[in-house]
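Structural overview for review
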Amino acid sequence: MKKFKRVLVANRGEIAIRVFRACKELGIRTVAIYSKEDKNSLFRTKADESYLIGKNKGPIEAYLNIDEIISLALNKGVDAIHPGYGFLSENAEFARKCEEAGIEFIGPSYQMIEELGDKIKSKLLAQNVGVPTIPGVEKPIKSEEEALEFARKCGYPVILKAAAGGGGRGMRIVKDEKDLLTQFKSAKNEAKKAFGIDDIFIEKYLEKPKHIEVQILGDKYGNVVHLYERDCSIQRRHQKVIEFTPALCLTQVQREAICNDALKLAKAVNYRGAGTVEFLLDKDGNHYFIEMNPRIQVEHTVSEMVTGIDIVQSQILIAQGYSLDSKEIGIKSQQDIQPRGYSIQCRVTTEDPLNNFAPDTGIIDIYRTSSGFGIRLDGGNGFTGSVISPYYDSLLVKVTSWARTFEDAVRKSVRAIGELKIRGVKTNTAFLINVLNHETFLKGQCDTNFIENNPELFD
Ligand code: ADP
């Protein structure tokens, strides 16, 4: 058992604050890093110590500078680094260099990150253990001919995807042959530019699917459990906007099948830490694996609310060598995890829904939060007087509700978002309320095209 004394968070904003809170509750000292653009950001002040990094780098590059972050950590006597989500969280080289420097990387091994980071490899892994995947090629496609041949066999539409893609980027839906010929080269170039690797693959495009994912926790001794599913179908441009659990669209039999498949995959790779196995569900209720994310996800809050398990604390305890059934983590078996009630998370962003969700910037003049029974806020940089800069993603605060029924959770979410008062920058709060009040949402039956297909949400 390696007890951590100091943990550095190689991230910013709400997830940095989330991890600092978990560390403090565990009696661990916290270390923040911040770029010069984040000099006045809130997360810095939530850590015990904070250090400027990337003096001569751009706002994003500052958080991607592996060697500088590791040498700072060594200098400050840090035992472990939490990577959050985005930035270096899925960077195998970073995990490897942490290990080489004798610093614990709070996450799976670098080998596992490497293996799971490639969407083609992880699909093959799933197939090998009998988990269904979407029909697609088994290797990166090298030429238009290969793509055409696959599409002819499986039929249009198909989707081109960057093997190293993430964050909803690097995907192109292709309707016909002509479309495929024009999209192929640009998809490859785009993949290279965005992810540094130009490997792309092709698979069948499922129409109107639902996105269902399963939260996993595994320790260093081969014990793995799932924390049930989340429905993340409310998306805009393949990026999640609202997530909830349990998924209303699943029967109990489907739920068990999907959770067991996630567990099967996680067990096969001896998964360590927190991870998420993502699936698409087709119109007939069949599920297909799409990818596994070896890190904490934005929407982990809803699983915490219904299971009562602190996922971030569990990650830190697992990294220290505690087993799932230890007194500290307290998960004796899968049967121990009995979800209760319903939870919904809404991502409040500084974006203007009426202007194609363009990010808004400026000073927040008024920032009044909501609270009350069943409401949890995970904030980033929201306070009166804070500056919303154009440099980073526009997530301002996550509003998570919990209630005994789905209807009550929806009502709480609507109430809590309505109670927020944010002036000075535009936000998507009115849009979120429109989604929450939509009859398809209330039935829990939205598919991933819901926002695109319902222009009235913008009224
Ligand atoms: P990322 O890693 O960028 O998040 P994912 O592979 O997880 O990408 O896919 C994100 C979203 O893209 C899915 O939730 C779904 O809405 C859409 N998507 C991905 N693959 C397909 C597919 N084969 N058919 C239909 N939609 C897809």
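Small disclaimer: the values here were computed from a predicted structure and weren't measured. (Residues numbered from 1 in each chain as written. Predicted model: local features only at pLDDT ≥ 70, side-chain atom pairs only at ≥ 80, totals over all residues.)

This next bit is on the packing of helix H7 (residues 144–154) against helix H8 (residues 177–195). Interhelical geometry of H7 versus H8 gives an angle of 145 degrees and a closest axis separation of 10 Å. Both H7 and H8 take part in a crossing whose hand is right-handed. For the pair formed by H7 and H8, the contact residues are Glu 144, Ala 147, Leu 148 and Ala 151 on the first element and Glu 177, Leu 180, Leu 181 and Phe 184 on the second. Split into classes, the residues belonging to the contact of H7 with H8 amount to six nonpolar, no polar and two charged. (Axes fitted to C-alpha atoms, helices over the stretch in contact; angles between N-to-C directions. Helix = DSSP H or I, 4+ residues; strand = E, 2+ residues; numbered from the N terminus. Left-handed = near helix turned anticlockwise from the far one by under 90°. Contact = placed C-beta atoms within 7 Å. Nonpolar A, V, L, I, M, F, W, Y, C, P; charged D, E, K, R; others polar.)

Our focus in this paragraph is helix H3 (residues 66–75). An α-helical turn contains 3.6 residues, so any two residues separated by three or four positions project in the same direction. Taken together, the buried positions of H3 are occupied by Ile 69, Ile 70 and Ala 73. Projected down its long axis, H3 shows its buried positions confined to an angular sector of 95 degrees, all on one face. Away from its buried face, by an angle of more than 90 degrees, H3 presents the exposed residues Asp 67, Ser 71, Leu 74 and Asn 75. Where H3 is buried, its residues contact strand S1 (6–9), strand S2 (29–34), strand S4 (80–82) and helix H4 (92–100). (Buried ≥ 20, exposed ≤ 12 C-beta atoms within 10 Å, placed from the backbone. Arc of directions from axis to C-beta.)

The environment of the ligand is made up of 20 residues, and the closest members are Gly 166, Leu 206, His 211, His 238 and Thr 448. Elements represented by at least two residues in the shell around the ligand include exactly strand S12 (273–281) and strand S13 (287–293). (Near = placed C-beta within 6 Å.)

Side-chain direction in a regular strand flips from residue to residue, so the side chains alternate between the two faces of the sheet. Buried residues dominate strand S9 (residues 210–218), accounting for nine of its nine residues. Of the two faces of S9, both are covered, the one formed by Lys 210, Ile 212, Val 214, Ile 216 and Gly 218 as well as the one formed by His 211, Glu 213, Gln 215 and Leu 217. Sheet topology note: the S9/S12 ladder contains nine bridges and is antiparallel. What sits directly across from Gly 218, in S12, is Gly 273. When S9 meets strand S10 (residues 224–236), the two strands line up antiparallel, connected through six bridges. Bridge pairing in S10 links Gly 218 to Val 224. Counting the residues in the hairpin turn of S9 and S10 gives five residues, including Gly 222, whose phi is positive at 85 degrees. (Pairing = 2+ DSSP bridges.)

Now for the environment of Ala 247. Mapping Ala 247 onto the fold places it in the loop between strand S11 (239–245) and helix H9 (252–268). Once you skip the residues sitting within four places of it in the chain, Ala 247 turns out to touch Ile 212, Glu 229, Asp 231 and Gly 444.

Strand order in the open sheet made by the three strands is S7-S6-S8, with antiparallel pairing throughout. Two strands in the sheet have a free side with no partner beyond their single neighbour: strand S7 (171–174) and strand S8 (200–204). Neighbour-to-neighbour, the strand axes of the sheet open up by a mean angle of 25 degrees, direction not taken into account. With five bridges joining them, strand S6 (residues 158–162) and S8 adopt antiparallel strand pairing. Paired with Leu 160 across the strands is Ile 202, a residue of S8. Set on the sheet, H7 makes contact with S6 and S8; between it and S8 the angle comes to about 10 degrees.

What follows concerns the sheet that holds S2. The strands making up a sheet associate through backbone hydrogen bonding, with each pair oriented either parallel or antiparallel. Here five strands make up an open sheet; going across it, the order is S3-S2-S1-S4-S5 and the pairing parallel. Two strands close off the open sheet at either side, each with one partner strand: strand S3 (49–52) and strand S5 (104–105). As defined by bridge partners, S1 adjoins S4 across three bridges and the pair is classed as parallel. Each residue of the ladder has a partner; that of Val 7, found in S4, is Ala 80.

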